[in-house]
Amino acid sequence: MGDTRKKLTPADYVTSVWSGGATTQLAIAPEGASYADRAFLWRISSATVELEESDFTALPDYHRLIATLRGDMVLTHKVGAPVTLHPYQVHGFEGAEATHSRGRCTDFNLMLRRGEADGTMEALRLPEKAGIWYPDPRAEELLFYCAEGTVSVETERTELRAGESLYLRLDGTVAPKLTGQGVVMICQMWRI
């Protein structure tokens, strides 16, 4: 049995409004889970932050990975120094932490249920990082999101334009070749 793969376009995403802008859910597991119910294993989303300052929703059962796609963001947690994120820099923190943000931007998020899921998120700029990409051996699911430009993910060639994604549920080993001109965000998820 081969890998499960699905190309996703903005028509497949779910967008909702929040007090500081809009958030777009790209994918959630299990499929059909509800963010509002907080009963998901993992969730990948992108949000526009239109307020100069805002507070993050508390998500005590989740670990969060966040990056900005456009614009800078300064995050202040209850403990520690403020963290400045420039586009494509990834920052991880616990969803239970009181978190305040400054800066208008578009962000990209991976939320992982603590004690049940783990994962990684990274940004690759192509063609500088073009070539064979090897996932974490624990990865069970992958999502490639084209943040800008045009990117090809070649396990079976799939071309992604800005705003499109490729979801893979792994059944065996995969090492896709990444080519193109742009930036791809890569999320890897697995159960623990």
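Structure first, text after, so check above.
This section reports on the structure supplied with the text. (Residues numbered from 1 in each chain as written. Predicted model: local features only at pLDDT ≥ 70, side-chain atom pairs only at ≥ 80, totals over all residues. Heavy atoms only, no water.)

## Things to note about the sheet that holds strand β4 (residues 42-49)
Then comes step 1: Strand order in the open sheet formed by six strands is β2-β3-β4-β11-β6-β9, and the pairing between neighbours is antiparallel. Each end of this open sheet is capped by a strand with a single partner; those strands are β2 (14-18) and β9 (91-94). On average, each strand axis in the sheet is inclined to that of its neighbour by 25 degrees, with strand direction left out of account.
Then comes step 2: Sheet topology note: the β4/strand β11 (residues 105-113) ladder contains eight bridges and is antiparallel. Bridge assignment links Arg43 to a residue of β11, and that residue is Met111. (Pairing = 2+ DSSP bridges. Helix = DSSP H or I, 4+ residues; strand = E, 2+ residues; numbered from the N terminus. Axes fitted to C-alpha atoms, helices over the stretch in contact; angles between N-to-C directions.)

## Regarding the environment of Lys78
Then comes step 1: Following the sequence through the fold, Lys78 ends up in the loop between β7 (73-77) and β8 (83-85).
Then comes step 2: A relative accessible area of 72% places Lys78 in the exposed class.
Then comes step 3: Sequence spacing of Lys78 and Glu97 is 19 residues, and the spatial spacing of their C-alpha atoms is 6.5 Å. (Buried < 20%, exposed > 50% of the residue type's maximum accessible area, 1.4 Å probe, protein only.)

## Some words on unusual backbone geometry
Then comes step 1: Cis geometry marks the peptide bond from Ala29 to Pro30, where omega comes out at -5 degrees.
Then comes step 2: Within the element layout of this structure, Pro30 appears in the loop between β3 (21-29) and β4.
Then comes step 3: A cis geometry characterises the amide bond from Leu126 onward to Pro127, with omega recorded as 15 degrees.
Then comes step 4: Structurally, the position occupied by Pro127 is in the loop between β12 (117-126) and β13 (131-132).
Then comes step 5: Positive phi is not limited to glycine here, since Arg38 has a value of about 55 degrees.
Then comes step 6: Tracing the sequence through the fold places Arg38 in the loop between β3 and β4.

## Let's talk about the sheet that holds β8
Then comes step 1: Taken together, four strands build an open sheet; the order of strands is β5-β10-β7-β8 and the sheet is antiparallel. Both edges of this open sheet fall to β5 (53-55) and β8, since each of them pairs with a single strand only. On average, adjacent strands in this sheet sit at an angle of 20 degrees to one another, irrespective of strand direction.
Then comes step 2: Judged from the four bridges that link them, β7 and strand β10 (residues 99-102) form a sheet pairing that is antiparallel. Looking across to β10, one finds that Thr76 is bridged to His100.

## As for the packing of aromatic side chains
Then comes step 1: According to the stated counting rule, one finds six aromatic pairs in the structure shown.
Then comes step 2: Judged by centre distance (5.6 Å) and plane angle (80 degrees), the rings of Trp133 and Phe144 are edge-to-face. Here the residue Trp133 occupies a position in the loop between β13 and β14 (141-154), and Phe144 occupies one in strand β14, the gap between them amounting to eleven residues. Grouping residues by exposure puts Trp133 and Phe144 together as buried. (Phe/Tyr/Trp six-rings, centres within 6.5 Å; stacked < 30°, edge-to-face > 60°.)

## Thoughts on the nonpolar core
Then comes step 1: Of all hydrophobic cores here, the largest spans 25 residues; its most connected members are Trp42, Ile44, Phe108, Leu110, Leu143, Tyr145 and Met185.
Then comes step 2: For this core, the secondary-structure elements that each account for two or more residues are β3, β4, β6 (62-70), β11, β12, β14 and β17 (177-191).
Then comes step 3: Sorting elements by how many residues they give to this core places β17 first, with four residues.
Then comes step 4: Those residues in contact with Leu110 that lie beyond four places of it in its chain are Trp42, Arg43, Ile44, His63, Arg64, Leu65, Thr120, Met121, Cys187, Gln188 and Met189.
Then comes step 5: Counting 18 residues, the second-largest nonpolar core is a separate cluster that includes Ala139, Leu142, Leu166 and Trp190. (Core = buried A, V, L, I, M, F, W, Y, C linked by side-chain atoms within 4.5 Å. Contact = heavy atoms within 4.5 Å.)

## Considering the layout of surface pockets
Then comes step 1: Its boundaries defined by the atoms lining it, the largest pocket holds a volume of some 500 Å³.
Then comes step 2: Contributing to the lining of the largest pocket are 22 residues, with Ala27, Ile28, Glu31, Trp42 and Tyr167 lying nearest its centre.
Then comes step 3: Of all the secondary-structure elements, those providing two or more residues to the lining of the largest pocket are β1 (4-8), β3, β16 (165-169) and β17.
Then comes step 4: Here the lining of the largest pocket gets five residues from one element, more than from any other, and that element is β3.
Then comes step 5: For the lining of the largest pocket, the per-class residue count stands at twelve nonpolar, three polar and seven charged.
Then comes step 6: By volume, the second largest pocket is sized at about 340 Å³.
Then comes step 7: As for the second largest pocket, its lining consists of 19 residues, of which Trp18, Thr23, Tyr35, Thr57 and Arg64 are closest to the centre.
Then comes step 8: If you list the elements that add at least two residues to the lining of the second largest pocket, you get β2, β4, β5 and β11. (1 Å grid on protein atoms, 1.4 Å probe; cavity = no way out; pocket = protein on both sides within 12 Å on 5 of 7 lines; lining within 4 Å. Points joined across faces, edges and corners; volume = space filled by probe spheres on them. Nonpolar A, V, L, I, M, F, W, Y, C, P; charged D, E, K, R; others polar.)

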